[in-house]
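# Structural overview
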Amino acid sequence: MCGSNCDLFSLMGSRLNNSQGFRPSKKIGVSTTVMKCENCGLIFSNPMPKIDTLGDHYDVPAIDYWNKLYFKKNSGYFEEQIDWYRNLSPNIKCAKALDIGAGIGKCMKALSNAGFEVSGIEPSPSFAKKAIEINLIDPDHLKICSVEEVPEDYFDFVTFGAVLEHLYDPSSSIQKVMKWLKPSGLVHLEVPSASWLVGKLVNLTYKLIGQRYVTNLSPMHPPYHLYEFTLESFKKNGERFNYEIADHKFYVGDTFLPIPLDWFIKPIMQGTKSGMQLAVWLRKGK
Ligand SMILES: [Zn+2]
């Protein structure tokens with residue numbers, strides 16, 4: 001993301017291809033190494049496990065990939081982001097929007113209901129089928145492909161839900177998206193934060209009991225996260241590729257700790273910006 005060379009990468013520990021539990025060294029599995037860029041804070045798998053086709057991971061029945069609750073129709077879905085977009089771009093009417101990783105089409109539907117002219121890209125045929133089936137997405141506006149062959153300088157708004165952390169080369173994907181955006185257009189991203197407090201506590205516990213493992217990422221098991229990001233990683237990437245951070249927010253999310261601990265740890269995470277998820281808005285240069 002920042003373009004630094006590997007002299008600035010530091011070793012964090014190993015990551016197994018399944019749930020690690022309290023003593024990962026007692027578990028059987030394959031591990032890869034997790035590293036951190038000391039220049040921008042990006043956390044990544046190195047080596048990067050590669051699959052032959054995206055379908056190996058994501059062409060599974062939608063019902064197996066998402067929690068059942070995700071299929072429920074909730075009217076407020078993506079409303080916060082739509083209001084946020086309008087605050088950041090108050091003069092754009094009937095914005096052309098693109099949803100990358102459209103999944104079962106919930107976000108496309110919300111955008112379309114809010115008056116956006118919306119297109120989507122979804123590489124998983126089984127997810128796209130569900131989008132057309134249950135959210136009545138127009139198949140002509142939903143491409144079942146990887147991110148390519150999209151017109152340049154065309155969209156006002158691109159949303160990249162929970163996508164970037166799954167891609168091998170997030171920096172080149174952001175560059176592609178910037179090409180599709182009009183000048184001053186906005187990208188909305190939501191990614192796992194490299195500063196998640198609970199992850200740091202688990203890593204500290206592993207260290208104290210002499211385990212060489214870390215809990216970051218899931219390079220070889222669902223949900224297949226290959227990266228965790230910092231605000232700095234986008235800031236430095238933007239300096240290289242002509243965009244700036246228009247806004248951001250950290251979401252606390254789940255802590256995966258015993259519920260009684262949540263009442264005091266969640267406010268700490270809120271106050272120290274160490275929540276699980278980072279939402280960031282990038283504005284393309286003129
Ligand atoms: Zn970096």
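The following paragraphs examine the structure supplied in this document. (Residues numbered from 1 in each chain as written. Predicted model: local features only at pLDDT ≥ 70, side-chain atom pairs only at ≥ 80, totals over all residues. Heavy atoms only, no water.)

## Here's the deal with the nonpolar core
Counting residues in each nonpolar core, the largest one holds 33 residues, and the members touching the most others are Phe 234 and Leu 282. For this core, the elements supplying multiple residues, two or more each, are strand 2 (31-37), strand 4 (96-100), strand 7 (155-160), helix 6 (170-180), strand 8 (181-192), strand 10 (243-251) and strand 11 (277-284). In this structure Leu 282 touches Ile 174, Met 178, Gly 185, Leu 186, Val 187, Leu 189, Phe 234, Tyr 243, Glu 244, Ile 245 and Ala 246, once residues within four positions along its chain are discounted. (Core = buried A, V, L, I, M, F, W, Y, C linked by side-chain atoms within 4.5 Å. Buried < 20%, exposed > 50% of the residue type's maximum accessible area, 1.4 Å probe, protein only. Helix = DSSP H or I, 4+ residues; strand = E, 2+ residues; numbered from the N terminus. Contact = heavy atoms within 4.5 Å.)

## Considering the coordination of the zinc ion
On the protein side, the zinc ion has Cys 2 (SG), Cys 37 (SG) and Cys 40 (SG) as donor atoms, found 2.2 to 2.3 Å from it. In the primary sequence, the donor residues of the zinc ion line up as C-x34-C-x2-C. Just as Cys 37 is buried, Cys 40 falls in that class too. (Donors = N, O, S within 2.8 Å, 3.2 Å for Na, K, Ca; no water.)

## Some points on the pattern of salt bridges
Scanning all chains against the criterion turns up five salt bridges. With a closest N to O distance of 3.1 Å, Lys 284 and Asp 153 form a salt bridge. Within this pair, whereas Lys 284 is found in strand 11, its partner Asp 153 is found in the loop between strand 6 (142-143) and strand 7, the two being separated by 131 residues in sequence. (Salt bridge = Lys/Arg side-chain N within 4 Å of Asp/Glu carboxyl O.)

## Focus: helix 4 (residues 106-113)
Among the residues of helix 4, those classed as buried are Lys 106, Cys 107, Met 108, Ala 110 and Leu 111. Residues of helix 4 that are buried sit in contact with helix 3 (79-88), strand 4, strand 5 (117-121), strand 6 and strand 7.

## A look at the layout of surface pockets
Approximately 370 Å³ is the volume attributed to the second largest pocket. If you go around the second largest pocket, you meet 21 residues; those closest to its centre are Met 12, Lys 200, Asn 203, Val 214 and Asn 216. By residue number, the principal contributor to the lining of the second largest pocket is helix 7 (residues 197-208), which donates six residues. Taken together, the residues that form the lining of the second largest pocket break down as eight nonpolar, eight polar and five charged. (1 Å grid on protein atoms, 1.4 Å probe; cavity = no way out; pocket = protein on both sides within 12 Å on 5 of 7 lines; lining within 4 Å. Points joined across faces, edges and corners; volume = space filled by probe spheres on them. Nonpolar A, V, L, I, M, F, W, Y, C, P; charged D, E, K, R; others polar.)

## Focus: the packing of helix 7 against helix 9 (residues 259-271)
With their axes 10 Å apart at the nearest point, helix 7 and helix 9 run at an angle of 110° to one another. Put simply, helix 7 runs roughly perpendicular to helix 9. Contacts between helix 7 and helix 9 pair Leu 197, Val 198 and Leu 201 from the former with Ile 265, Ile 268 and Met 269 from the latter. Here the residues of the contact of helix 7 with helix 9 sort into six nonpolar, no polar and no charged. (Axes fitted to C-alpha atoms, helices over the stretch in contact; angles between N-to-C directions. Parallel < 35°, antiparallel > 145°, perpendicular 65-115°, else oblique.)

## Description of the pairing of strand 8
Strand 8 sits mainly inside the fold: nine of its twelve residues count as buried. Handedness of the crossover joining strand 7 and strand 8 through helix 6 is recorded here as right-handed. (Right-handed = clockwise from strand over helix to strand, strands pointing away.)

## Looking at the environment of Ser 119
Tracing the backbone shows Ser 119 in strand 5. Expressed as a C-alpha distance, the spacing of Ser 119 and Asp 138, which sit 19 residues apart in the sequence, is 9.1 Å. When sequence neighbours within four positions are dropped, the list of residues in contact with Ser 119 reads Ala 97, Leu 98, Asp 99, Met 108, His 141 and Phe 155.

## Let's talk about the packing of helix 6 against helix 8 (residues 231-241)
Running from N to C, helix 6 and helix 8 point in directions that differ by 55°, and their axes come no closer than 11 Å. By the criterion of interaxial angle, the relationship of helix 6 to helix 8 is oblique. Regarding helix 6 and helix 8, the two cross each other, and that crossing is right-handed. In this structure, helix 6 contributes Ser 171, Ile 174 and Gln 175 to the contact, and helix 8 contributes Phe 234, Asn 237, Arg 240 and Phe 241. Along the lines of polarity and charge, the residues of the contact of helix 6 with helix 8 split into three nonpolar, three polar and one charged. (Left-handed = near helix turned anticlockwise from the far one by under 90°.)

## Some remarks on the sheet that holds strand 6
Ordered by their spatial adjacency, seven strands build an open sheet running 6-5-4-7-8-11-10, and the pairing between neighbours is mixed. Sheet topology places strand 6 and strand 10 at the edges, where each strand pairs with a single neighbour. By the bridge criterion, two bridges tie strand 5 to strand 6 in an arrangement that is parallel. For Gly 120, the partnering residue across the bridge sits in strand 6 and is Leu 142. Sitting on the sheet, helix 8 touches strand 8, strand 10 and strand 11, and the angle it makes with strand 10 is about 170°. (Pairing = 2+ DSSP bridges.)

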